[in-house]
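Observations on chain architecture
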Amino acid sequence: MSEIRKDPISHTWVIISIERAKRPSDYTKASAENENGQLSENCPLCKEAAIPPPPNDPWSGIAKERNNQWVTRVLPNKFPALKPDVSLAQKEENGFYHSLSGVGGHEIILDSLNHTETLSQMKLSQLEAMLLTYQTRFFRWKLDHRISYVLIFRNYKKAAGASLSHPHSQVIASPIIPPRIFEELREAKEYYKLHRECIFCRMIRDELKLRVRLIYQNPSILIFSPYAARFPFETYIIPKKHLASLEETDKKTLKDLSKAFKFLFSRLAEVLSDPPYNYMLHVSPLKTPGLLYYHWHIEVIPRLAMPAGYEFGSGIFINPTSPEEAAKILRKKENDSSAT
Ligand SMILES: [Zn+2]
Ligand SMILES: [Zn+2]
Ligand SMILES: [Zn+2]
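Residues numbered from 1 in each chain as written. Chains lettered and ligands numbered in written order. Predicted model: local features only at pLDDT ≥ 70, side-chain atom pairs only at ≥ 80, totals over all residues. Heavy atoms only, no water.

**Concerning the overall build of the protein chain**
If you tally the helices and strands in the protein chain, you get eight helices and 14 strands. Taking 2.2 N^0.38 as the reference for a compact globule, 340 residues should give roughly 20 Å; the C-alpha atoms of the protein chain span a radius of gyration of 20 Å, in line with that estimate. Each principal axis of the C-alpha distribution contributes one length, and for the protein chain these read about 60 × 50 × 40 Å. Every one of the 340 residues in the protein chain was classed for burial, and the buried ones make up 53%. Taken as two groups, the 46 positive and 38 negative side-chain charges of the protein chain have centres that lie 3 Å from each other. (Helix = DSSP H or I, 4+ residues; strand = E, 2+ residues; numbered from the N terminus. Rg over C-alpha atoms; globule rule 2.2 N^0.38 Å. Buried < 20%, exposed > 50% of the residue type's maximum accessible area, 1.4 Å probe, protein only. Lys, Arg positive; Asp, Glu negative; His and termini not counted. Charge placed at Lys NZ, Arg CZ, Asp CG, Glu CD.)

So this is what it looks like as structure tokens:
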């Protein structure tokens, strides 16, 4: 029987449609069809990576401590959605339409200088460097008072919107708080007012107790499939300790986060034949760090099912793989210690 579930944070409704249940093998065709073909010779990011960054630029990426080799790089996007050299202005038309000038920042992070490296293949030290580079973006954009929010995301493979094969993440710094974050903040604040507890901390407690949607844990990080997962194999990566932003996250937690990345992206590659995916890092807005009611997390969405007319028209998602089933498949073995 199908079930209509409500997400406690976003209040999004999801139809978990067991009748349409699919096994991982039903999805592998979509993964195989979306191979990236770009060679390193033609890769603009490989060319950029070969040029040394400006000396003493603290924002260029992360250099290896021992031989001072760059292992990640940060570059401005050549075709930016928002630009920093514009002044912030508001406009109104007919007292009805509102707009802001397109001020902000759009950056590309080269997660690795190796053109073909996937997250599942990266060494833990490389994943850690990538995550430390993510953290630098918040420190960087905090200095620009026009910026309210920094969203870091990764599109992997064409079907997930990637136009370049080179392993990269993107950063968009905007003068507005994106509506999805705004909604999460509003609901989380409401929950905190009523229960004096962070809604995400509550969710972590529940998932650890129920265990049916639990995929992986280490001392600092938990991975689970959310109760009202919108997409097949959608997962959340979240720190166990209450942390609202990446700026306040310590090195040990980032190290454990790199291990969680290694586990999850290796499992997705094994189980779903290296599927296309998007992930998004949700943190508190730049100007309100340390919020007691908001908790940073990463939403990972393998692109196995296309949202279509019903999803666009209703805002309700139909998910043919229950999060319990997805978690069971992604947890290594039933008796494996990684989920205990
Ligand atoms: Zn490349
Ligand atoms: Zn919390
Ligand atoms: Zn979120």
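**Focus on the sheet that holds strand 1 (residues 3–6)**
As summarised here, the arrangement of the three strands in space is 1-2-14, forming an open sheet in which the pairing is mixed. Looking along the sheet, the strands with just one partner apiece sit at the ends: strand 1 and strand 14 (317–319). Strand-to-strand twist across the sheet, computed as the mean angle between neighbouring axes with direction ignored, equals 30°. As paired elements, strand 2 (residues 13–16) and strand 14 share three bridges and run parallel to each other. Note that in strand 14 the partner of Ile 15 across the bridge is Ile 318. (Pairing = 2+ DSSP bridges. Axes fitted to C-alpha atoms, helices over the stretch in contact; angles between N-to-C directions.)

**A word on the coordination of the zinc ion (ligand 2)**
Coordination sphere of the zinc ion (ligand 2), protein contribution only: Cys 198 (SG), Cys 201 (SG), His 242 (ND1) and His 295 (ND1), at 2.1 to 2.3 Å. For the zinc ion (ligand 2), the single-chain donor residues occur in sequence as C-x2-C-x40-H-x52-H. Of this pair, Cys 198 sits in the loop between helix 4 (179–195) and helix 5 (199–210) while His 242 is found in the loop between strand 11 (235–239) and helix 6 (251–271), placing the two residues 44 residues apart along the sequence. Judged by its relative accessible area of 4%, Cys 198 falls in the buried class. (Donors = N, O, S within 2.8 Å, 3.2 Å for Na, K, Ca; no water.)

**Topic: the pattern of salt bridges**
Taken as a whole and judged by the stated rule, the model has 23 salt bridges. One salt bridge in this structure joins Arg 180 and Glu 299, with 3.1 Å as the shortest N-O distance. Of this pair, Arg 180 sits in helix 4 while Glu 299 sits in strand 13 (residues 297–302), placing them 119 residues apart in sequence. A residue is classified by how much of its surface remains accessible, and Glu 299, at 0% relative accessible area, is buried. Linking Lys 241 and Asp 250 is a salt bridge whose minimum nitrogen-to-oxygen distance equals 2.9 Å. Overlapping salt bridges, with partners in common, bring together Glu 3, Arg 5, Glu 207, Arg 213 and Glu 324 in one network. (Salt bridge = Lys/Arg side-chain N within 4 Å of Asp/Glu carboxyl O.)

**Comments concerning the nonpolar core**
Membership of the largest hydrophobic core comes to 73 residues, with the highest contact counts inside it found for Phe 261 and Tyr 279. Considering each element in turn, this core owes the most residues, nine residues, to helix 6. Discounting residues that sit within four places of it in the chain, Tyr 279 has contacts with Leu 119, Met 130, Tyr 134, Ile 152, Phe 153, Arg 154, Ser 169, Phe 261, Phe 265, Ile 298, Glu 299 and Val 300. (Core = buried A, V, L, I, M, F, W, Y, C linked by side-chain atoms within 4.5 Å. Contact = heavy atoms within 4.5 Å.)

**Topic: the coordination of the zinc ion (ligand 1)**
Cys 43 (SG), Cys 46 (SG), His 115 (ND1) and His 166 (ND1) make up the full set of protein donors to the zinc ion (ligand 1), lying at 2.0 to 2.3 Å. Given four donor atoms and angles of 106 to 116° at the metal, the environment of the zinc ion (ligand 1) is assigned as tetrahedral. Along the chain, the residues donating to the zinc ion (ligand 1) fall in the pattern C-x2-C-x68-H-x50-H. Remark: His 115 occurs in the loop between strand 6 (105–110) and helix 3 (124–142) and Cys 43 occurs in the loop between helix 1 (24–32) and helix 2 (44–50); sequence separation between them is 72 residues. The exposure classification of Cys 43 matches that of His 115, with both residues buried. (Tetrahedral: all angles 85-135°; square planar, octahedral: opposite > 155°, others 65-115°.)

**Quick notes on the packing of aromatic side chains**
A complete count under the given rule lists twelve aromatic pairs for this structure. When the centroid spacing of 6.5 Å and the interplanar angle of 50° are considered together, the rings of Tyr 192 and Tyr 293 count as tilted. Separated by 101 residues along the polypeptide, Tyr 192 in helix 4 and Tyr 293 in the loop between strand 12 (277–282) and strand 13 bring together distant segments of the chain. As far as burial versus exposure is concerned, Tyr 192 and Tyr 293 are alike and both buried. Note that Arg 140 overlies the ring of Trp 141, its terminal NZ or CZ placed 4.1 Å from the centroid. (Phe/Tyr/Trp six-rings, centres within 6.5 Å; stacked < 30°, edge-to-face > 60°. Lys NZ or Arg CZ within 6 Å of the ring centre and 35° of its normal.)

**Considerations on the pairing of strand 8 (residues 168–174)**
Taking burial as the measure, the seven residues of strand 8 include six buried ones, the bulk of the element. As defined by bridge partners, strand 6 adjoins strand 8 across six bridges and the pair is classed as antiparallel. The partner of Glu 107 across the bridge, within strand 8, is Val 171. Pairing of strand 7 (residues 149–156) with strand 8, which is carried by five bridges, proceeds in the antiparallel orientation. Its bridge partner lying in strand 8, Tyr 149 is registered against Ser 174.

Taken by themselves, the reported measurements are silent on function.
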